[in-house]
Each structure stands twice: as C-alpha cells, then as structure tokens.
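Per-entry structural report
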Amino acid sequence: FVVEMLQEDEPQPEPQPEEQEDDMDFEEDKILLDAESESGEIVNQTVGPENGAIQMLIKVAKRDFVGQQVRLEGLPQWLIRAHSIEAFRAYLWELAEPHIRRPVNVETNQEGQVVNVSWGSFERPTIEEADKFITIINKKNRRPHILQMYPWNYLNSPAIERWKTSTSTAICIYMYSMAVSSRPIFELVQEKLLKPKAPKAKPKVKPVVPPAADGYSFRDEVRAIRETFLQMRDLMHILDNRIAMLETKCDQAFEPEPLIPVRLDP
C-alpha cells in the first residue's frame, strides 16, 4: 500500500489502501510542503552528456533522520543527463555520495526498543548501499498536497519517464542512513557518536634528576639539607625556651623586696 502524509493545516483522514505502481513498495515518512527555502551545502549542479537520452531536473534535500521535515520549495536542484538508467543512477550517486557520512548501526532488544547505536563497519558506502541512504519523493498527481516516497530501486525507466517533466520530484539523502529512523534515535547518535569527546589529559612526566658526583642523586642531597634544617630549627626552638627560662629566673633573683610601711605612734 501507499503511505501518504498530509499537510499539518489540513484534516488528516484515515489512510485508504491503494494499488501499488510498478510493484514497488513505499516508505513511511513525515514530509511536509512548505514555502521556506532550504539552506545547506548542496548547490545546483549539472552532470552527464548534453545529448543524454535521459534528462531530469531533480530537487535535493539532506536530513539527519527519517521523519525530519522536507520542504520542496526552494531546494537546490541537480540536472542529471545520461544515455541509460544505469548511467543515470551512477551520476545521481556521484553527486549524492559526498553528502553521506558514516552509516550508523541501531541495535534493538526483543521488544524493539533501541538499546545502542554504533558506527557501521564501513566508512564510505558504495552505490550498492544507496537504498539505505536515498529515497525519492514526489507529489501525487490527483492530490498535489500529498507526497509519496519511493525507494532507490524505484528509479527505473517508467518512473523517470513520468517524472522528467515534473517540477516536484526530489531525492532525500539521509546522512547517517535510514536506520536513524526518528529524532530520539538521532539524539542518541549525537550523544554517543557525534558529541566531541574531551581530549585525554597527558600524563605528567617527572623530570629525571642526574646523580651527584658521590653517587647520590640531587633529590637525596636536597632531602638531606631539608632534614638538617629541621634539626637546626628544633635546636633553635629548644635554645629559645632555655633562654626565656633563664631570663625569668634572673628577673626573680634581682627583684627588690617590697617596702613595709612603719606606723609611728604620736
């Protein structure tokens, strides 16, 4: 069946099953039409021979996760020209591949809950993995406010023949693969894989002190000086207490006796 997404400002009726076209499956996503322009690193480009039998102007968007909004109006465009469907796919992949980052693996438990994310085993995908990163979207003829999504393998001659005169056909590039199928999963990817890690502190290297001429190290000599100083300080403290005691005794020995007043009777 075809999965259809409506604009948010219109009522959303219950989706009705429809017949598939060309026996191709469709992917579910939240794709909205909007008049805002798309900003990013993707720019307008042309690729392929000028006399190519297949010529198609296609809009391009790239997203972090499946379900992120796509606005068709204002998107950059690629003009793909080729003599065969295989060459058309190759040219399209040539333009899309630089915008794909390393794929992400999403691990789930038996209940289908995401338990972990990790980088894929290969850093750069090939055209054989294009279906994991790229989908095609287009307005529906009878209901232009509805968008349909098509997998990469839907890029065949009949589909391109229908779309080559359309102004609403676009591809969506998912930079971390379609395994990142929701915002919560992408937030987990950000936390575990994309967040810059603090650099590890370099271990402190203790300076190597050369030994003294008599075989003792410089540290041993400094330690001996410190011990000598502590002993001298203790001795000075003892001497200071002894001198204070002697001074007290001297003051007591030479202190004159108090005078006793004598009373004379008249």
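Residues numbered from 1 in each chain as written. Predicted model: local features only at pLDDT ≥ 70, side-chain atom pairs only at ≥ 80, totals over all residues. Heavy atoms only, no water.

1. A word on the packing of aromatic side chains
- Taken as a whole and assessed by the stated rule, the structure comprises five aromatic pairs.
- Judged by centre distance (6.0 Å) and plane angle (40°), the ring pair of tyrosine 176 and phenylalanine 186 falls under tilted. With a gap of ten residues between them, tyrosine 176 in the loop between strand S8 (170-174) and helix H3 (183-194) and phenylalanine 186 in helix H3 connect regions that are remote in the sequence.
- A residue is classified by how much of its surface remains accessible, and tyrosine 176, at 2% relative accessible area, is buried.
- Among the aromatic residues, those joined into a cluster by ring pairs are Phe65, Tyr176 and Phe186. (Phe/Tyr/Trp six-rings, centres within 6.5 Å; stacked < 30°, edge-to-face > 60°. Helix = DSSP H or I, 4+ residues; strand = E, 2+ residues; numbered from the N terminus. Buried < 20%, exposed > 50% of the residue type's maximum accessible area, 1.4 Å probe, protein only.)

2. Here's the deal with the pattern of salt bridges
- Tallied over the full model, the rule gives four salt bridges.
- Its salt-bridge partner being aspartate 220, residue arginine 223 comes within 3.0 Å of it at the nearest N-O pair. Here arginine 223 pairs with aspartate 220, and both are found in helix H4 (residues 218-253), just three residues apart, close to one helical turn.
- Classification of aspartate 220 as partly exposed rests on a relative accessible area of 33%. (Salt bridge = Lys/Arg side-chain N within 4 Å of Asp/Glu carboxyl O.)

3. Details of the side chain of threonine 135
- Secondary-structure assignment places threonine 135 in strand S6 (residues 134-139).
- In this structure threonine 135 comes out as buried when scored by relative accessible area, which is 1%.
- Residues contacting threonine 135, with those up to four places away along its chain left out, are Met149, Tyr150, Ala170, Ile171, Cys172, Tyr174 and Met178. (Contact = heavy atoms within 4.5 Å.)

4. What about a nonpolar patch on the surface?
- Taken together, the side chains of Leu235, Met236, Leu239 and Ile243 present a nonpolar region at the surface, about 400 Å² in accessible area.
- Mapped onto the fold, leucine 235 is located in helix H4.
- Of the residues examined, leucine 235 reaches a relative accessible area of 48% and is grouped as partly exposed. (Patch = residues over 30% accessible without salt bridge, like charges linked within 9 Å, V, L, I, M, F, W, Y side chains within 5 Å. Areas by Shrake-Rupley, 256 points an atom, 1.4 Å probe, with all protein chains shown as cover.)

5. Describing H3
- Across its twelve residues, H3 extends only 14 Å between first and last C-alpha, which sits more than 12% below the 16 Å expected from 1.5 Å per residue.
- Its buried side turned inward, H3 meets strand S4 (104-108) and strand S5 (114-119). (Expected span 1.5 Å × (residues − 1).)

6. Topic: unusual backbone geometry
- A positive phi angle, near 85°, is found at serine 177, a position not held by glycine.
- Here serine 177 is to be found in the loop between S8 and H3.

7. Focus on the nonpolar core
- Core analysis: the largest hydrophobic core is formed by 29 residues, its most contacted members being Trp78, Phe88 and Ile171.
- Elements that contribute at least two residues to this core include exactly strand S2 (54-63), strand S3 (77-82), helix H1 (85-96), S6, helix H2 (157-163) and S8.
- Element by element, the count of residues in this core is highest for H1, at six residues.
- Core analysis: the next-biggest nonpolar cluster, separate from the first, contains twelve residues, Ile137, Leu147, Cys172 and Tyr174 among them. (Core = buried A, V, L, I, M, F, W, Y, C linked by side-chain atoms within 4.5 Å.)

8. Considering the confidence of the model for the chain
- Here the chain averages 77 in pLDDT, and 72% of its residues register 70 or above.
- pLDDT under 50 marks residues 1-40. Its contacts with residues more than four places away, or in other chains, come to 92 contacts. (pLDDT = per-residue confidence, 0-100.)

9. Some words on H1
- Taking 1.5 Å per residue, twelve residues should reach 16 Å; H1 reaches 16 Å between its end C-alpha atoms and fits that length.
- Looking only at H1, the buried set comprises Ile85, Phe88, Leu92, Trp93, Leu95 and Ala96. Taken around the axis of H1, the buried residues stretch over an arc of 160°, which confines them to a single face. (Arc of directions from axis to C-beta.)

10. Overview of the pairing of S6
- Taking burial as the measure, the six residues of S6 include five buried ones, the bulk of the element.
- For S6 and S8, the ladder comprises four bridges, and the chain directions are antiparallel. Bridge assignment links threonine 135 to a residue of S8, and that residue is cysteine 172.
- When S6 meets strand S7 (residues 147-151), the two strands line up antiparallel, connected through five bridges. Residue pairing for S7: isoleucine 137 is matched across the bridge by methionine 149. (Pairing = 2+ DSSP bridges.)

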